[in-house]
Amino acid sequence: MGRALLSHFLIVSNSSPRLVSSLSRGGLPSKYCKTPGLIRQNRNLATHNGCGFRCYCNVSLSEPTAPVASSSSVKKRIVSGVQPTGSIHLGNYLGAIKNWIALQNSYETLFFIVDLHAITLPYDTQQLSKATRETAAIYLACGIDNSKASVFVQSHVRAHVELMWLLSSATPIGWLNKMIQFKEKSHKAGGENVGVALLTYPVLMASDILLYQSDFVPVGEDQKQHLELTRELAERVNYLYGGRKWKKLGGRGGAIFKVPEPLIPPAGARVMSLTDGLSKMSKSAPSDQSRINLLDPKDVIANKIKRCKTDSSAGLEFDNLERPECNNLLSIYQLISGKTKGEVAEECQNMNWGSL
């Protein structure tokens, strides 16, 4: 069994992705330009009610390579994605997308829409298709340059699911039962009635990362546990199937997967809710007042800021655990203005909430 499983790992990790949509209906014709990272819609696509959407990315899947002498000419690889559920909000932008814009200039970058993750909970098919396109459009509108970065849809690369199944065979169930987000989401969704995908989706996340032999993964504080699972899975597969076992099958031996490192921004990694400074700004929060959506009109944004939760203490300050809303708004102001934390602290220390 181990030999057969290793053979499958090698097939998936050594083959180039076949970027054909798994969402297309009935073989609808849909042609796209195979320019690196480009998503381009066929003129006739609108007549197919949004089906048949395909995309291409410029990465080739390969074995982890040995260190190259001239490392300055070889860019490290980064992968990251956002679910196409709800509205893309300021937390997504400041915590992820804004950082991607800077990263695409220094790294080989792959940014994708993780639509398979979005179906772990009940969803509307037509809305998901629409949200997937809108998310891709927002990526590009925010500054992702498709001449520098690959932008694609997760389900269009079938190797994501293939590798997930292989990784599942090497994943102890106890590792998944410890996932904090599974416990929280399954409790909200109704306990034993939730789908198995909610338990196993961290394995799909590991597949998303390991498939492309990623060096770094930009993550927020709440995703660190899932990345740690990815790292442990990579090490486990390398131990069980790499080295001499791989060499006996004609491979070069050594590690099958790179073990990725987290890339956590110093600020903005976790933007909090406008109505509760202890909760993350979220697409799924019931109150729209809790978040600033990127497509909100200017007057709506201004109104949400004016109505956000405050406190009665004098002055404004960072890092006071008893004033989470204050810390959150100052952090948002720092990131939006481009000022340093020290500059914002000095500017706002004697301000009242109305002035801010």
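If you're wondering where the values come from, they're calculated on a predicted model, not measured in any experiment.

Hey, could you run me through empty space enclosed by the protein in this one?
Any empty space left between atoms is shown by rolling a water-sized probe over those atoms. Scanning the model with the defined rule gives one cavity of 30 Å³ or more in all. The computed volume of the largest cavity comes to approximately 30 Å³. Lining the largest cavity, in full, are Ser273, Leu274, Gly277, Cys308, Lys309, Glu325, Asn328 and Leu329. Along the lines of polarity and charge, the residues of the lining of the largest cavity split into three nonpolar, three polar and two charged.

Looking at this structure, I do not really get the pattern of salt bridges. What am I missing?
Oppositely charged side chains can form a pair if their charged atoms are brought close together. If you walk through the whole model with that rule in mind, you get 13 salt bridges. Of the charged contacts in the structure, one is a salt bridge between Lys304 and Asp296, with a shortest N-O distance of 2.7 Å. For the residue pair Lys304 and Asp296, the accessibility class agrees, reading buried in each case. Taken together, the shared-partner salt bridges in this structure form one network comprising Asp288, Arg291, Asp296 and Lys304.

Before we go on, may I ask you to explain the pairing of strand β3 (residues 149–153) in this structure?
In summary, the side chains of a regular strand alternate between the two faces of the sheet. Most of β3 is tucked away, with five of its five residues classed as buried. By the alternation rule, side chains of β3 split into Ala149, Val151 and Val153 and Ser150 and Phe152, which are all buried. Of the strand pairs in this sheet, strand β2 (residues 108–113) and β3 are connected by five bridges, and their pairing is parallel. Its bridge partner lying in β3, Leu110 is registered against Ser150. Between the parallel elements β2 and β3, the chain passes through helix α3 (residues 125–142) in a crossover that is right-handed.

Help me understand the side chain of Asn238 in this model?
With respect to the helices and strands, the residue Asn238 is situated in helix α8 (residues 224–241). Within the structure, the side chain of Asn238 is placed 2.8 Å from the backbone nitrogen of Ile256, a separation counted as a polar contact. Beyond its immediate sequence surroundings of up to four residues, Asn238 is in contact with Gly243, Ala255, Ile256, Phe257 and Val259.

In this structure, what is going on with the side chain of His117? I would like to understand it.
Considering the arrangement of structural elements, one finds His117 in the loop between β2 and α3. Residue classification places His117 among the buried positions, given a relative accessible area of 4%. Within the local environment of His117, its side chain forms a polar contact with the side chain of Gln154, the two groups lying 3.5 Å apart. Apart from the residues within four sequence positions on either side, His117 is in contact with Gln83, Gln154, Tyr201, Leu204, Met205 and Asp208.

Can you walk me through helix α11 (residues 324–337) in this structure?
Along an α-helix, residues three or four apart share an orientation, since each turn contains 3.6 residues. The first and last C-alpha atoms of α11 sit 20 Å apart over 14 residues, in line with the 20 Å expected at 1.5 Å per residue. Among the residues of α11, Pro324, Glu325, Cys326, Asn328, Leu329, Leu330, Ile332, Gln334 and Leu335 are the ones counted as buried. As for α11, its buried residues are in contact with α2 (90–103) and α12 (341–348). Gly338 occupies a position one or two residues after α11 and carries a positive phi of about 80 degrees.

What is the right way to look at unusual backbone geometry in this model?
Excluding glycine, a negative phi dihedral is what most residues carry, and trans is how most peptide bonds are arranged. Its identity is not glycine, yet Gln213 carries a phi of approximately 50 degrees, on the positive side. When you line up the elements, Gln213 lands in the loop between α7 (197–210) and β4 (216–218). Positive phi outside glycine occurs at Asp319, with the angle close to 60 degrees. With respect to the element layout, Asp319 can be found in the loop between α10 (298–306) and α11.

Explain the packing of α11 against α12 to me, please; I cannot follow it from the model alone.
To characterise two packed helices, one gives the angle between the axes of the helices and the distance between these axes. Put simply, α11 and α12 touch, their axes get as near as 10 Å, and they point 120 degrees apart. What the angle tells us is that α11 and α12 run oblique. Where α11 crosses over α12, the handedness of that crossing is right-handed. Of α12, the residues touching α11 (which contributes Leu330, Tyr333 and Gln334) are Lys341, Val344, Glu347 and Cys348. By residue class, the composition of the contact of α11 with α12 is four nonpolar, one polar and two charged.

What counts, and where the lines are drawn
Residues numbered from 1 in each chain as written. Predicted model: local features only at pLDDT ≥ 70, side-chain atom pairs only at ≥ 80, totals over all residues. Heavy atoms only, no water. 1 Å grid on protein atoms, 1.4 Å probe; cavity = no way out; pocket = protein on both sides within 12 Å on 5 of 7 lines; lining within 4 Å. Points joined across faces, edges and corners; volume = space filled by probe spheres on them. Nonpolar A, V, L, I, M, F, W, Y, C, P; charged D, E, K, R; others polar. Salt bridge = Lys/Arg side-chain N within 4 Å of Asp/Glu carboxyl O. Buried < 20%, exposed > 50% of the residue type's maximum accessible area, 1.4 Å probe, protein only. Helix = DSSP H or I, 4+ residues; strand = E, 2+ residues; numbered from the N terminus. Pairing = 2+ DSSP bridges. Right-handed = clockwise from strand over helix to strand, strands pointing away. Polar contact = N/O pair within 3.5 Å; in protein donor to acceptor, adjacent residues only side chain to side chain. Contact = heavy atoms within 4.5 Å. Expected span 1.5 Å × (residues − 1). Axes fitted to C-alpha atoms, helices over the stretch in contact; angles between N-to-C directions. Parallel < 35°, antiparallel > 145°, perpendicular 65-115°, else oblique. Left-handed = near helix turned anticlockwise from the far one by under 90°.

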